[in-house]
Structure formats: C-alpha cells, structure tokens
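For reference, the chains in residue letters:
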Amino acid sequence: MSEPKPFPGAGPGIVAVNLGLPSFADSLAAQGGSSLHIEWQPAAGGDPTLLALLDRLHRPGGELGERQRRIEAANEEAITRLVTAQSLLQDIRPAREVVPGLTETTILHAGPPIAWERMCGPMQGAIAGALIYEGQARTPAEAFDLAASGRIHFDSCHHHRMVGPMAGVVSPSMPVFVLHNPTHGNTAYCTLNEGLGKVLRFGAYDDEVIARLRWLETFLAPALAKAIRLAGGINVKALIAQALQMGDELHNRNVAGTSLFLRTIFPSLLDSDLSKQQVREVVDFISSNNHFFLNLSMPTGKLAADTILGLPDCTLMAAMARNGVELGIRVAGLGERWFTAPAGQPQGLYFGGYSAADANRDLGDSTICETAGFGGAAMACAPAIVKFTGGQASQATAITREMYEISYARHRDYQIPAFDFSGTPVGVDIRKVVERSSPPFINTGIAHKQAGIGQVGAGLLRAPLAAFQEALRAFGELG
Amino acid sequence: MFLRTLIVPDRYLDSVLLMGLAARLRGLAGVADASAVMGTEANRALLAETGLLDETATAAAPGDVIVSLQLAEPTQLPAAQAALEAMLAELTRTDAGSGGGAGDAATPPRTLEEALRQRPDASVAVISLPGGYVAREARRALELGLHPFIFSDNVPLADEVALKALGRERGLLVMGPDCGTAILNGLALGFANRVARGPVGIIGASGTGIQELSCLLHRQGIGIHQAIGVGGRDLSAAVGGSSMLQALAILEADPACLVIVLVSKPPHPEVAQAVLDRAAACAKPCVICFLGGDPGQAAQRNLPFARRLDLAAAMTRAVLAGEDPLTVADAPLPPARQAQATTLAADLGAGRRFVRGLFSGGTLGKEALLVLRESLPTYRTNLEEEGPRALVGDDRPTDHLILDLGDDRYTRGRPHPMIDFGLRCQRLQQELADPSCAVLLLDVVLGYGAHPDPAGELATAVAGRLQPGGPVLLACVVGTENDPQPRPDQVRRLTAAGFQVLDTNVEAARMAAAILVELQRRNQP
C-alpha cells in the first residue's frame, strides 16, 4: 500500500484532489490552496458485477491478494516479452509453403472468425478476388457461388501466425513476408501491400486488381526476396523505432517507415542480379505507396503479441482485430478465445464523392499495432494524422496520454520525442479499460461497404467497450 | 403535453450541475418541464413515480444522464436537444485546475491514481460524490495514503464503520461522511468561513456548529488552528467516535494548538463516556460543547461544558486568557436590545402572536430552540423526532414553529437551503402573509460553499411585502469580513431590506423570546 500522508498541519496550505463538485476545487484554489479536480466517472459505468470483479482483481495502492499478486507478476512478465520481442524480416515465400494450416481450399481473413453469410461487403469482394486469382473461379459470379458453397474453409489470419490489413484475405499463392523473433523463437507472416486505390484488401476484385496480384507474385516478391536475402535480413523493429521519431505511428501513417525500408534495401537491390529496369520497377512501386511498410509493422506487432498469448493470469490484451462486422480481442490469460462486440464506425475524412454513408464498419487486423504499443497508442508521435479527424496536434498528444492510463507500462524501445522520449503506452490492461470505461483508440483506413469499390477515407475511433467487459467477466470466472 | 427523453451516454455529472441544467432547459421556449438525473436505479424509480419513465429512460445505464422533457409540441425536440448539447459542451472543463502544469498534467485525471500521479504532494481527497459511489473511492483514497474529507451524505453506516477502521489502521483521518465543514491550515473545505489562524482546534460532528463557533471566535479576535469535521454519525454507538478520538490525538500532538473544542449534539452515552475520558486525559485543555446536553458527565471529569455555541466560544476565550472557564456565566440580552424588543413588540399588529423560525443550519435551529423553549408554552419543530412537538405531516401548524429546511424532507431533489434560497424565500413570503405571525427568525450562513449573495435573495423575497404592523424579521449572519460574501456588506443590505441583524444566533433567539414576552404582557388584561 502507498505510504500514508501526514495530516495537513505539518506544512502551510493544503494540496487536495477533488472528486465531485468542481466548486469545491475552485474555492480551495481561490484561497490559495491547490486542488486538482478529477473528471470522475462511475468506475466501470456503475455496473455492480464489474465493480465487484475489479475490487477483486485490481486494487492500485491496495493490499494485494494472492490472485492479484499473480496477475501483477504475469503482467510484468508479459511486458518484458512484449518489449524484448525482436522482428527480423528474413524472406518472402508463397503462403502455401510457410503458413501453417493453409490448405489449397483455405482462405484466411481479418478479425475474429466469421461465416461467409455474415461477412461484410469488402471481405466478400476480396475473397471473390482471391478465388479468381487462384484460378478456382473464372468470373465474380462463380467466385461468389463457390464461396457460399461450403467447399471453401474460411479462418482468421490470427489463427495462422498471420495478420492482414483491412479484409486481410490470404490465399495459398500469395507471397508473404516471413518475419522471425529470435528472442522468443516465433515467426509471423503478412502479405505484401498492394498499393493504394482499387485493391483487394478493400474488397476490389476486377481484372486490374487480379493482374497486380499476379505481378506481386511473379515479379515483385522474387525480386525483393533476393535483396532481403542478400542483405542478410532486415531488422524491422529498429526501423519502427526510428519511424516513430520521424512522424509515423505505423498504422495509419507509414511514410517514414516506408522510406527507411527503401533506404535499407536499396544497396542490396543494386548488388543483386536484377537489371537496372527491374530495380527501377521495385523502387517505383515501393516509393509510390506510403503504406508499403504497414505490412511489415503489422507482423512485427504480431510477433510481440503472440509471445504473451496463453500466459496464465495475464490481464493484457494479446490481440485486437476486426472482420468488418465485429471487433474481437484476445486476452493473454484467457488464451485463444475471442471476445467480440459490434465493430464501430470510424469518424474521419472521406475522399471526394464519398461520405460516412458509404463507410463499412471498422475492418482489419491492423489493430495489432495498438496491441503492441504503436498505432493509436503512439499518436503523439504522429500529429499529422489528426488532420483525418479535423483535429489539432494537441489531440494527438491527448490520445497517447489517455492510452497511458489504460496501459500497463511504457515501451522500452518505442519512444515519443514530444514526451521527452518517454516510451509509448504498451500492454493494454483490460482491468483499466473497464474501470475507466476507456477503450483503446484505433487509427484506421475506411473501406466502402460494397464489395469492389475500395478505400473511401481514413479516420479514428475507439474499440467497443463491451468486448473488454465481456473479457473481464470471463477473467473473473477463473477465480 | 409530450414526454420526450434524451440520453447522454457515459457522462457523469453531479446532481447540482444536473439540476442547474434542468433549470436552464425549463427556461427554453416550448419546454414546460425538464428534469436531468443520472440513470441510477433509484433515479429511475423516482422518474417512474413522477410519470417520467418512458422506454428510453428505462433502458438507461447508471452511467448515463437521463434528460426528461415535457414539450408543448414534439417538433420542439431538436431545438431542445441542440440547447442541451451546447450546455453540456460548456460544462466540460478544459483547464486542469490549479494543479496543472506538471508532467502529463494537460490531461484531466479521471481516477484518484491518475490525479496522484499529477499531484503526488496531495494529502487530502475531497469527496462530494453521490452516496452510493463514496465507499469505493474513499477506500481507495485511504489505500493511496490520503485523508478523505467526505462531504457526501447517504453513505451506508456499515461503510462508514469500515472506512474508519481502515483509517485508524493506516493512521489516516476519515472526515465524514456527511462532513460539511473543515478548516485545515487556514483553508476552508466544503462549507466553511475564512477565519483568522490562531491557537484553537475545533473537532465537530456538525458543520454549521463549526461555522458558527469559528466565526464567533474570529469576531472576538481569536483564530483557528484547525477545524476538523468528523461527520454527523461519528458519535453514534456504531461508529463510536472513531474520528473524533483520532482527531483529538492529532491536535494533542500539534504544538500550535493550545485549546481543543469538541462540538456535537449529545452523543450516545457510551460514546460520550469514551470521548470525555479521552478529553480528560488530553495534554491540552478541552472545552466540551454537546449542544443541549447534560453537563454532569463532563463536570465529573472537571471538563468545562457548554450547552450552546456562544458559551463554548466564551469558555474557549477564558481558557486562552488564563481564566477559569467554569466561571463563564450565561449573559442575558443587553438592555439596549431589550428596549428594542419592547418597541418592536409595540409596533406589531393585533392578533400577531407566533414565532416562526426558518433555519438552513440544523445546529443553529437546535441552538435557537434551546433558548426559545424556555419562553414557548407550546411549539412544533422537525428538530425533535418524537413527542408531542415533533412535526409530522402538515408543516404549517397554527403554532410557534422552528423548521430545519436542511432536513431530508426538503432537500430531496433540490440543493441544500444554504445554496438554493428558493424554498426558504417561498416560506418567508407565506409567513409574511400570515396574520398570526409575529416574528420571523432566520440564520444566514456565509462562506465558501454557500450562496454567493444570501442578502440579495432575502431582500428580493421580502421587497414590497413588508406592511406596517407586520412580522418582525430577525436574522443572525454566520460569517466573517473575509468571506467571499463579506459579512459587513451582507448585514448592511439585510438591514436596509428590513431585517434586524443580531450578533449571534443565540442573541437572535433571545430577541424573539423577548418580543414574545412583551406581546404576552400586552395581551394580559
């Protein structure tokens, strides 16, 4: 427990904290005292069951019971794992060769598991595109029929050491980045970013989209893989740490990360047996897509988050992902179970001709960033992003400050220049989220709700609180 | 009339702010009535009673605000909603108070831990949340090492007992619940006055008792070292005087405190014994003021005992002057005041015979009753819970009346009468119109927490309603020249409005009694 303060009288004046009527804080200040007013909300929204649970599992300053002692120890261990996880990009390989459990009739998607009939438009569109790309269907109509036939097995990327942005659709022929964490020995995979505009991850599936997927498979992946192997692998985590200090938060802004990646790979591209024209094509593609690096930052988050999944007694979030209908979280101490709630609608800026009426619900595995200590948590690094919500730079710092309040620790390696190089908030603690009714902020792109149209904007939202409340209840059932 | 309900999700607002919000909504064109409450089960039950609970309100969560509107036309809803949103935006504080500046201070804290991270030097947690939320926060304050000052009432007794046990164990003082007043290191907490610093330590279970005593001492040139409120139930059998005993030890060990005054209504007998034993063993001189209580137990222990606040002030002065406090005598009404009473009684119209006391401070009402009781053959009051004089049902009896308007019956759903003068002014006007009313007796409490201009409210209420031969208006004003509403200014304006302002509460009650005696004399053949 915290050291008891001496009763006022030992010194001049008093310093108080104020819960309730703001006028009591004001009148103390008017007399020359100090009073910090608390913007108090009923803890856990006043829900008696959750309050009773929190009183058992979360007593900051209080005397720790046996259960809470185990929780704090597990969370400390989890933070160590999250911040010491490394991320080395080793190779690019066809998904069927490396991704566990990916059969020829399996298609992976973003978010928690969902049946074909319940999938949102962009996800169905992306799946149709993948079936055409794989040669399993010749036309969109055939593809939709096949997807609905029950002959295709759908599963979450997260169940296969993968993460995918937006629809997150992965089929066996797609090339994937192979990233390794030597500290804990785990591996993660992610597809190559297709670029902007009409792309599969936003649900587009016309000929142009399919042609680009083939180009990625037959040209870009082998070319880039040569350079990566020549370079002896690339330390992606180090690039993330640098990019955070250059104005990226690495979920919705990846311009610094993409530039750093290109700078790092460039010499190896030149040293390879690629022709000048081929190097030119690789460089043109990467440098014309500010989000190229997202498909490296995301699996880096996955590498870290997977190290805590299944850690007993740990109350920290181990995954957060959306399938466009629901957002699901996994909690380290609760293993592989997903806790879901309806996905939110981002507030944001739209491309010309589009509005909120066109927007799909929140979508994609990219919230692995927020799980691992960047993305929305690192907003203070990327003030440029708040333009998406018409906000001011101070809004970016306010968001990160709030994320500190629901996180267990500050990251050792990911730092925020504007906060005197304090670490980013890391380890979202479901107890704190529920207690202060303050779910994580998410930065995200916005997909059109109809299949085939693509990205219509970008914005900001919060994860639904209900998923965290549900997880906490489940935690309580463990004793 | 059309009932429409708006829900403000996940937004906690204090009931005082909500009532202010409702009042402003009622002022909108087309809004016949409005209420704004948190969506707790109790509040929803209240709404059901008043026919305001529709489906929307039924579905509200405890953390939501329910705004119920009675509209002349349903089309007025969008305008009312826009007005509500504008008001809510106004209520959001953007500054972090005087505590801002350090570290991550730009974000207003939402919990005690967050606040302590910004102000690790804080030692007191001031808590004025609704009663049901208090126990959890107060317990956390204790765990975090803070002394809680709990203004809230309606905290379950079992919670108070548990909190005080934890406080004792941790060496932290729990002030309250239902603690209206404290003055710590010269600074007022809750409802309190700006008094000079000096050698006196006050420990009180009554907020207005502490206020009147500290102001009486201040006006005699005697300052307060600390005034510690312990809450209205501290000296009950269940709580056992826990905080008063702890506070005694704190002040005993404080070299700047030279005399300690204990203020309470008469405690439970066993608790009184424990408190008096501890006071008798105290290294500092103690003055006991158990309002209207029996001096016997204190006398056995050679402790000076005052049955009223004015006597407690006089005894404290005597102790500090090196005189024997036991020689303090109860002074009668000064001759000039006696003469004034005679004149005022002579001017009263025929048939005027009753005194009506309209008090905002329960302790002040009780003290007035102690004085008046000797002169009143019969009376009615809500300050006595049982017996023939207890007020049940009709609160406008054809009799003398001492009414505590701070009673639960009058504060349910509205702010305390020290803040909101609406009910008191209404009663005042009713009594002014009553041909049997001879004397109106009021307390006017100034200081932090109180209404910013009580004199203005009362002057407006009586303006144009004072007739020749009408009731005499008597008031005592509890406050100092340093209060946000300076006492001399309030006294001047009350006098100009037609009030007779007396120096103390007891003197005002004595004046009322003297006028009654004069009336009885006049009516005798």
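How each quantity is defined
- Per chain, the residues get numbers from 1 upward, laid out in the order the sequence is written.
- Chain letters start at A and ligand numbers start at 1, both assigned in the order the entries are written.
- In keeping with the model being predicted, local features are shown solely for residues with a pLDDT of at least 70 and side-chain atom pairs are shown and tallied solely at 80 or more, while totals for entire chains, interfaces and linings include all residues.
- To get the side-chain values, take all heavy atoms of the structure and skip hydrogens and water.
- A run of DSSP states H or I qualifies as a helix once it reaches four residues; a run of E qualifies as a strand once it reaches two. Both are numbered from the N-terminal end.
- In this treatment the radius of gyration is a C-alpha quantity, and the globule benchmark scales as 2.2 Å times the residue count to the 0.38 power.
- Only protein chains enter the accessibility calculation, which uses a 1.4 Å probe. A residue is then buried if its area is under 20% of the maximum for its type, exposed if over 50%, and partly exposed in between.
- For this analysis, residues touch if any pair of their heavy atoms sits within 4.5 Å.
- Only the protein chains shown count as covering a residue, and every accessible area follows the Shrake-Rupley method with a 1.4 Å probe.
- We treat Lys and Arg as the positive residues and Asp and Glu as the negative residues; His and chain ends play no part in the count.
- Throughout, a charge is located at the NZ atom of Lys, the CZ atom of Arg, the CG atom of Asp or the CD atom of Glu.
- Two strands qualify as a pair provided DSSP detects at least 2 bridges between them.
- Every case where a carboxyl oxygen of Asp or Glu lies within 4 Å of a side-chain nitrogen of Lys or Arg is listed as a salt bridge.
- Any Phe, Tyr or Trp ring, taking Trp's six-membered ring, that has another such ring centre within 6.5 Å forms a pair; planes under 30 degrees apart are called stacked, those over 60 apart edge-to-face, and the others tilted.
- As used here, the term nonpolar core means buried Ala, Val, Leu, Ile, Met, Phe, Trp, Tyr and Cys residues forming a set that is joined through side-chain atoms within 4.5 Å.
- For every residue, the predictor reports its confidence as pLDDT, a number between 0 and 100.
- Two parts placed together each lose some accessible area under a 1.4 Å probe, and adding up what both lose gives the buried area.
- The term polar contact refers here to a pair of N or O atoms within 3.5 Å; inside protein, the definition further demands a hydrogen-donor-capable atom paired with an acceptor-capable atom, and it admits residues adjacent in sequence only when both atoms are side-chain atoms.
- Residue polarity follows a fixed list, in which Ala, Val, Leu, Ile, Met, Phe, Trp, Tyr, Cys and Pro are nonpolar, Asp, Glu, Lys and Arg are charged, and the others, Gly among them, are polar.
- The axes are straight lines fitted to the C-alpha atoms, using for helices just the contacting stretch, and the angles between their N-to-C directions are given from 0 to 180°.
- Each angle is binned into one of four classes, with values under 35 degrees roughly parallel, values over 145 roughly antiparallel, values of 65 to 115 roughly perpendicular, and all other values oblique.
- Here a crossing is taken to be left-handed if its near helix is turned anticlockwise relative to the far helix by less than a right angle, and right-handed if that turn runs clockwise.
- We place a 1 Å grid over just the protein atoms. Points where a 1.4 Å probe fits but has no way out form a cavity, open points with protein on both sides within 12 Å along at least 5 of 7 lines form a pocket, and any residue with an atom within 4 Å of a point lines it.
- Grid points are joined across faces, edges and corners, and a volume is the space filled by probe spheres set on the points.

J.: Can you tell me about the overall build of chain B, naming the residues and giving the values?
T.: The secondary structure content of chain B amounts to 19 helices and 18 strands. Relative to the globule expectation of 24 Å for 525 residues, the C-alpha radius of gyration of chain B, 24 Å, shows essentially globular dimensions. Principal-axis analysis of the C-alpha atoms places the extent of chain B at approximately 70 × 60 × 40 Å. Every one of the 525 residues in chain B was classed for burial, and the buried ones make up 58%. Intrachain contacts of chain B at a sequence separation of at least 6 include 71% that bridge at least 24 residues. Looking at chain B as shown, the accessible area adds up to about 20,100 Å², and 54% of this sits on carbon and sulfur atoms.

J.: I'd like to hear about the overall build of chain A, residue by residue, with values.
T.: Along its length, chain A carries 15 helices and 17 strands. For chain A, whose C-alpha radius of gyration is 23 Å, the value lies close to the compact-globule estimate of 23 Å for 479 residues. Along the longest, intermediate and shortest principal axes, the C-alpha atoms of chain A span 80 × 50 × 45 Å. By residue count, 64% of the 479 residues in chain A fall in the buried class. If you take every contact in chain A between residues at least 6 apart in sequence, the share linking residues at least 24 apart comes to 70%. Here chain A contributes 39 positive and 45 negative side-chain charges, whose respective centroids are spaced 1 Å apart.

J.: Summarise the sheet that holds strand 8 (residues 234-235) of chain A; cite the residues concerned and give the values.
T.: Within a beta sheet, neighbouring strands are joined by backbone hydrogen bonds and run either parallel or antiparallel to one another. Pairing is antiparallel across the open sheet formed by four strands, whose spatial order is 7-6-3-8 (chain A). The open sheet has two free edges, formed respectively by strand 7 (186-191) and strand 8 of chain A, since each of these has just one partner strand.

J.: So, the pattern of salt bridges: which residues are in play, and what are the values?
T.: This model, assessed by the stated rule, comprises 57 salt bridges over all chains. Ionic pairing is found between A:Asp55 and B:Arg136, a salt bridge with its closest N-O pair at 2.9 Å. Remark: B:Arg136 occurs in helix 6 (residues 131-143) and A:Asp55 occurs in helix 2 (residues 48-57); the pair is interchain, linking two chains. A residue is classified by how much of its surface remains accessible, and B:Arg136, at 13% relative accessible area, is buried. B:Asp434 is paired through a salt bridge with B:Arg356; the nearest N and O atoms lie 2.8 Å apart. Note that B:Asp434 is positioned in the loop between helix 16 (422-432) and strand 16 (437-445) and B:Arg356 in strand 13 (residues 354-359), a separation of 78 residues in sequence. Residue B:Asp434 shares its accessibility class with B:Arg356, and that shared class is buried.

J.: Describe the packing of aromatic side chains, and please don't skip the residues or the numbers.
T.: A full pass over the atoms with the stated rule returns 15 aromatic pairs over all chains. A ring pair is formed by A:Phe24 and B:Phe191, whose centres lie 6.5 Å apart and whose planes are at 90°; its orientation type is edge-to-face. Highlighted residues: A:Phe24 in helix 1 (residues 22-30) and B:Phe191 in the loop between strand 7 (187-190) and strand 8 (197-204), drawn from two different chains. Across the pair, exposure class does not vary: A:Phe24 and B:Phe191 are buried alike. An angle of 10° between the planes, with centres 5.4 Å apart, marks the rings of B:Phe151 and B:Phe191 as stacked. Residue B:Phe151 is located in the loop between strand 5 (147-150) and helix 7 (157-170), and its partner B:Phe191 is located in the loop between strand 7 and strand 8; the two are separated by 40 residues in the primary sequence.

J.: Which residues make up the nonpolar core, and what are the values?
T.: Most often, soluble globular proteins keep nonpolar side chains buried together rather than apart. Residues A:Ile127, A:Leu224 and A:Phe261 are the most contacted members of the largest nonpolar core, which totals 87 residues. Judged by nonpolar contacts, the second largest core, of 78 residues, contains A:Ala16, B:Met244, B:Ala345 and B:Ala514.

J.: I'd like a rundown of the confidence of the model for chain B, residues and numbers included.
T.: Residue and element names in this part refer to chain B. For chain B, mean pLDDT is 91; residues scoring 70 or higher make up 96% of the total. In the predicted structure, residues 92-105 sits below a pLDDT of 50 and forms 23 contacts with residues beyond four places in sequence or in another chain. Both scores are given for the predicted complex: the pTM is 0.80, the ipTM 0.80.

J.: Explain the interface of chain B and chain A residue by residue, including any values.
T.: Each partner contributes to the interface: chain B provides 66 residues, whereas chain A provides 57 residues. Of the roughly 5,800 Å² buried between chain B and chain A on both sides combined, carbon and sulfur atoms contribute 57%. A:Arg436 serves as the salt-bridge partner of B:Glu114, at 2.6 Å between the closest nitrogen and oxygen. The interface formed by chain B and chain A holds 29 residue pairs in polar contact (both at pLDDT 80 or more) in total. At the level of elements, helix 1 (15-26), helix 5 (112-118), strand 4 (124-127), helix 6, strand 7 and strand 9 (224-229) of chain B are the ones that each hand at least two residues to the side of chain B that touches chain A. Its residues assigned to classes, the side of chain B that touches chain A comprises 33 nonpolar, 15 polar and 18 charged.

J.: Could you give an account of the packing of helix 13 (residues 335-347) of chain B against helix 19 (residues 505-523) of chain B, with specific residues and numbers?
T.: All names here are of chain B. Where helix 13 meets helix 19, the closest approach of the two axes is 8 Å, and the angle between their N-to-C directions is 50°. As summarised for this structure, helix 13 and helix 19 are arranged oblique, according to the angle between their axes. For helix 13 against helix 19, the interelement crossing comes out right-handed. Across the interface between the two elements, Arg337, Gln338, Gln340, Ala341, Thr342, Leu344, Ala345 and Ala346 from helix 13 touch Glu507, Met511, Ala514, Ile515, Glu518, Leu519 and Arg522 from helix 19. Its residues assigned to classes, the contact of helix 13 with helix 19 comprises eight nonpolar, three polar and four charged.

J.: So what's going on with empty space enclosed by the protein? Residues and values would help.
T.: Using a probe with the size of a water molecule, rolled over the atoms, empty space left in the structure can be pinpointed. According to the stated counting rule, one finds seven cavities of 30 Å³ or more in the structure shown. Taken together, 15 residues form the lining of the largest cavity, with A:Val169, A:Met174, A:Thr191, A:Leu192 and A:Glu194 sitting closest to its centre. Here the residues of the lining of the largest cavity are counted per class, giving eight nonpolar, five polar and two charged. Mapped by element, the contributors of at least two residues to the lining of the second largest cavity are helix 5 and helix 6 of chain B.

J.: Quick rundown of the packing of helix 8 (residues 207-219) of chain B against helix 14 (residues 362-372) of chain B? Include the residues and the values.
T.: Residue and element names in this part refer to chain B. Two elements in contact, helix 8 and helix 14, have axes whose closest approach is 6 Å; the angle formed by their N-to-C orientations is 70°. Here helix 8 is positioned roughly perpendicular relative to helix 14, judged by the angle of their axes. Contacts between helix 8 and helix 14 involve Thr208, Gly209 and Glu212 on the former and, on the latter, Gly362, Thr363, Leu364 and Glu367. Looking at the contact of helix 8 with helix 14 residue by residue, the classes come out as one nonpolar, four polar and two charged.

J.: Can you lay out unusual backbone geometry for me, pointing to particular residues and giving the numbers?
T.: Residue and element names in this part refer to chain B. Going from Gly176 to Pro177, the amide bond is cis rather than trans, its omega being 5°. Position of Pro177 among the secondary structure elements: in the loop between helix 7 and strand 6 (181-184). Positioned with a positive phi, Asn154 is a non-glycine residue whose angle comes to about 60°. Despite not being glycine, Asn302 has its phi angle at roughly 60°, a positive value. Residue position: Asn302 is located in the loop between helix 11 (296-300) and strand 12 (305-306). On the accessibility criterion, Asn302 (66% relative accessible area) is exposed.

J.: Pulling in residues and values, what's your account of the pairing of strand 6 of chain B?
T.: The side-chain alternation of strand 6 of chain B yields two buried faces, one formed by B:Thr181 and B:Ile183 and the other by B:Ala182 and B:Leu184. Counting the residues between successive antiparallel strands, the hairpin from strand 6 of chain B to strand 7 of chain B contains two residues, one of them, B:Asn185, with a positive phi of roughly 50°.

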